[in-house]
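# A look at the structure
Residues per chain, in single letters:
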Amino acid sequence: MLWETVKLALQAILRNALRSFLTVLGVVIGVAAVIAMVTVGQGSARQVTADVEKLGSNVLMVMPGQDAMQGGPGSSVAPLFSLRDNDRVQDQLSVVDIAAPLSATRARAVFGNENHRTDVTGTDNRYFSAAGWEVERGRIFEPSELQSGKPVCILGETVRKELFGTADPLGETIRIKTLSCEVIGLLRSKGASTFGSDQDDFVIMPLKTYQRRVAGNSDVSFFYVAVHDGVSTERAKQEIERLMREIRRIGQGEEDDFTVMDMKQIATMLSGITDILTGLLSAVAAVSLLVGGIGIMNIMLVSVTERTREIGIRLAVGAQAHQVMSQFLVEAIVLSLIGGLIGIVLGLILGLVGANALSVPFMPDPKIVLLAFGFSAAVGVIFGYFPARRAARLNPIDALRHE
Amino acid sequence: MAETPLIQLKGISRIYGAGETEVRALDGVDLTIREGEFVAIMGPSGSGKSTAMNVIGCLDAPTGGEYFFSGVEVDNLSADQRALLRRHYLGFVFQGYNLLPRTSALDNVILPLIYKGLSRAEREALAMQALEKMGLSDRAGHDPSELSGGQQQRVAIARALAGRPRVVLADEPTGNLDTKKSAEIMEVLQHLNRSEGLTIIMVTHEKDMAQYADRLIWMVDGRVERDAPTRKVG
């Protein structure tokens, strides 16, 4: 008897191919949109977290001035740092593992006919370990090179690609402003950061070389500080602030003229942004779900007259109300299942494509898959089944005469 | 010993609405129909002839009175039991054919047989047989939209007959057909009555069609006004 009902339902589905197709389409759109959007949204959120972890949760940045997020190094009116300040942070604080001095500017790097505008950074070998850069080929700086400010440089992957393409850069000389410097090393790529900025787009040279030959001063723009494992960044931050006030002779009650930024603060800020993003995507997805649901509803309601007459005919030839209702219920369930499965597959494919396009991890969420599927299926079943139930309970003649 | 009449209505009423807007479609109908009769019900529009037919066919429930089918009081039956009664004893032919759209003639005729729980082979055999009787075996695979009105009505008759009912109820079966097609349909019904002893109850408003029946019931204002054998002289 159940099999008979399923067969009746399948016949009805095939007989009303267009109506069935439109119903399935409604479910597919709703389910696929939600799954794709939430998958991409959660992938992005995960990417941010991963980036921040890569950055190191034990990392602090020390910058001159108060409004670090707005001004940034160099734009501050507060006095800049020097190499000695950095080394005192490194040597005098036991909580600090590595403190690396950095200065940077935008400049054009030229090799042969190729040129590329990039970040030119002066630092020393401490930076590589603090920020987790690895040399893929070549070497890092010799102490003598750092001390004398020799014109040597290490290239990020993007700069290498732009200037050299397939050629081997090691031992070649590139020009930055008036400085000619020899390429001694190449860094392993880190790829795009969370906001899509290219982390590999920079040239590193010894701090002294940068100060003398590029910037023409002896300033340090900021310190990149890695604290020892097991030390809270809160504590490290307090100690650095105390020492920096001493170094910069800031009196009691005076404001700091520098900022110590905790990566955790940045992480919190970033995940706040991705939360908003995910929320936004979810809202769009919810609208798609609703639109799909309304589509299903429309098809079902538009066909109510025809379906009611069909039910009248079936009752007249001897069908019992429960037989008619189970046929329509099975029909609605089958359509919702087909639509739901296609929607899930399509949604996952779109999510995968989207995740790849944005280079974020592919993170399907079973809860969302179930939710989207459940909602669309419920709409399909409710609007497919309940009008049928109402019709099946009418006097057969009223169902037959339904206008 | 008097045989139990097939259909017996005692003081049947069917009232729509209530109070000011109350409409008495049937107002105390007494009627007895025996097995093997061919009865025509006539009357002006609004006289309740279709309502009477629907009550007899268990498509509509009366608001008052008693209805016995083969001695069983129908008013005491549940909706499901009435469905079983329709399934096993009644066949319907409607003015508007009421075939399922986008469904072949054969599948339309099979429809009542599905609910009778017959096997696929039995269903197809019975349905083909019924279509053949209506001269439509070559149209079995056609959708209603591909058939003429007369053909559609013959498919509907085949559907009514396929389940081997004891009564066929026809509500203005020729209402949508021209004279020639109407005569064809009526001859089919008459033949079924004469040769197979099938009880036929037909509502019509055309005197010519009523002439095919053996007995004419004339209704006015929800009551049986006249009940007599049809005069073959017209």
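As recorded in an unreviewed UniProt entry, chain B goes by Putative ABC transport system ATP-binding protein and comes from Roseovarius marisflavi. The Sequence similarities (unreviewed entry) field of the UniProt record for chain B holds the comment "Belongs to the ABC transporter superfamily. Macrolide exporter (TC 3.A.1.122) family."

Within an unreviewed UniProt entry, the label attached to chain A reads Putative ABC transport system permease protein, and the organism entered is Roseovarius marisflavi. UniProt's Subcellular location (unreviewed entry) comment on chain A is quoted here verbatim: "Cell membrane".

Helices and strands together make up the secondary structure of chain B, namely 7 helices and 10 strands. For chain B, the C-alpha radius of gyration of 18 Å lies close to 17 Å, the compact-globule estimate for 234 residues. Referenced to the eigenvectors of the C-alpha coordinate spread, the extents of chain B come out at roughly 50 × 45 × 45 Å. Buried positions account for 48% of the 234 residues belonging to chain B.

By the assigned domains, chain A splits into domain 1 (2–51 + 268–401) and domain 2 (79–256). Computed over C-alpha atoms, the centres of domain 1 of chain A and domain 2 of chain A are 55 Å apart.

According to UniProt, the "domain: ABC3 transporter permease C-terminal" (unreviewed entry) feature falls on residues 283–396 of chain A. Helix makes up 86% of residues 283–396 of chain A and strand makes up 0%, while its end C-alpha atoms are separated by 45 Å.

So, on to the sheet that holds strand β7 (residues 167–171) of chain B. All names here are of chain B. Strand order in the open sheet made by the 6 strands is β6-β7-β8-β3-β9-β10, with mixed pairing throughout. Strands at the two margins of the open sheet, each flanked by one partner only, are β6 (90–93) and β10 (223–229). Here the average twist between neighbouring strands, direction ignored, is 20°. Sitting on the sheet, helix α1 (residues 49–56) is in contact with β3 (38–42), β7, β8 (199–203) and β9 (215–220), with an inclination near 150° to β8.

Let us look at the interface of chain A and chain B. On the chain B side, the residues contacting the 16 residues of chain A number 18 residues. Among the elements of the structure, α10 (304–316), α11 (321–357) and α13 (396–400) of chain A are those that each provide at least two residues to the side of chain A that touches chain B. Here the element with the most residues in the side of chain A that touches chain B is α10 of chain A; it accounts for 4 residues. Considered class by class, the residues forming the side of chain A that touches chain B number 9 nonpolar, 5 polar and 2 charged.

To continue, consider the environment of L337 of chain A. Residue and element names in this part refer to chain A. Along the chain, L337 falls in helix α11. Judged by the 15 C-beta atoms lying within 10 Å of it, L337 falls in the partly exposed class. Spatially, the C-alpha atoms of L337 and L290 are 18 Å apart, while their sequence positions differ by 47 residues.

Next up on the list: unusual backbone geometry. Residues and elements named next belong to chain A. Although it is not a glycine, K177 sits at a positive phi angle of roughly 50°. Within the secondary structure, K177 is located in the loop between β6 (173–176) and β7 (179–187). The exposure class of K177 is partly exposed, given the 15 C-beta atoms found within 10 Å. Here R249, not a glycine, exhibits a phi torsion of approximately 50°, which is positive. Assignment of secondary structure puts R249 in the loop between α8 (233–247) and β10 (258–262). Classification of R249 by C-beta neighbours within 10 Å gives exposed; the count is 7.

Turning next to the pairing of β7 of chain A. All names here are of chain A. Pairing of strand β4 (residues 135–138) with β7, which is carried by 3 bridges, proceeds in the antiparallel orientation. Counted as the bridge partner of V135 is L187 from β7. One ladder, built from 4 bridges, connects strand β5 (residues 152–155) with β7; its direction is parallel. Bridge assignment links C153 to a residue of β7, and that residue is V183. Relative to β7, β6 runs antiparallel, the two sharing 4 bridges. The partner of I176 across the bridge, within β7, is L179.

Residues and elements named next belong to chain B. Pairing is antiparallel across the open sheet formed by 4 strands, whose spatial order is β2-β1-β4-β5. Unpaired on one side and paired on the other, β2 (23–33) and β5 (72–73) mark the two borders of the sheet. Relative to β2, strand β1 (residues 7–16) runs antiparallel, the two sharing 8 bridges. The residue of β2 that forms the bridge with I15 is R24. α1 contacts β1, β2 and β4 (64–69) of the sheet and is inclined by roughly 60° relative to β2.

For the rest of this paragraph, the subject is helix α2 (residues 79–89) of chain B. It helps to recall that an α-helix has 3.6 residues per turn; residues three or four apart then point in one direction. Those residues of α2 of chain B not exposed but buried are R82, A83, R86 and R87 of chain B. One side of α2 of chain B holds all its buried residues, which, seen down the axis, span an arc of 145°.

Our focus in this paragraph is the confidence of the model for chain B. For chain B, per-residue confidence averages 92 on the pLDDT scale, and residues scoring 70 or more make up 97% of the total. The complex model carries a pTM of 0.71, and its ipTM stands at 0.95.

Further remarks concern the nonpolar core. By size, the foremost hydrophobic cluster in this structure holds 125 residues, and its most contacted members are V34 of chain A together with I41, V109, A158 and I201 of chain B. No other element matches the 13 residues that helix α2 (residues 17–55) of chain A contributes to this core. The residues contacting I41 of chain B, other than those within four sequence positions of it, are K49, A52, M53, I201, V203, I217 and M219 of chain B. Counting 51 residues, the second-largest nonpolar core is a separate cluster that includes V59, W133, V152 and M244 of chain A.

Rules of the game
- Residues numbered from 1 in each chain as written.
- Chains lettered and ligands numbered in written order.
- Predicted model: local features only at pLDDT ≥ 70, side-chain atom pairs only at ≥ 80, totals over all residues.
- UniProt positions renumbered as here; feature names shortened; annotations may be inferred.
- Helix = DSSP H or I, 4+ residues; strand = E, 2+ residues; numbered from the N terminus.
- Rg over C-alpha atoms; globule rule 2.2 N^0.38 Å.
- Buried ≥ 20, exposed ≤ 12 C-beta atoms within 10 Å, placed from the backbone.
- Domains from an automatic or database assignment.
- Pairing = 2+ DSSP bridges.
- Axes fitted to C-alpha atoms, helices over the stretch in contact; angles between N-to-C directions.
- Contact = placed C-beta atoms within 7 Å.
- Nonpolar A, V, L, I, M, F, W, Y, C, P; charged D, E, K, R; others polar.
- Arc of directions from axis to C-beta.
- pLDDT = per-residue confidence, 0-100.
- Core = buried A, V, L, I, M, F, W, Y, C linked by C-beta atoms within 7 Å.

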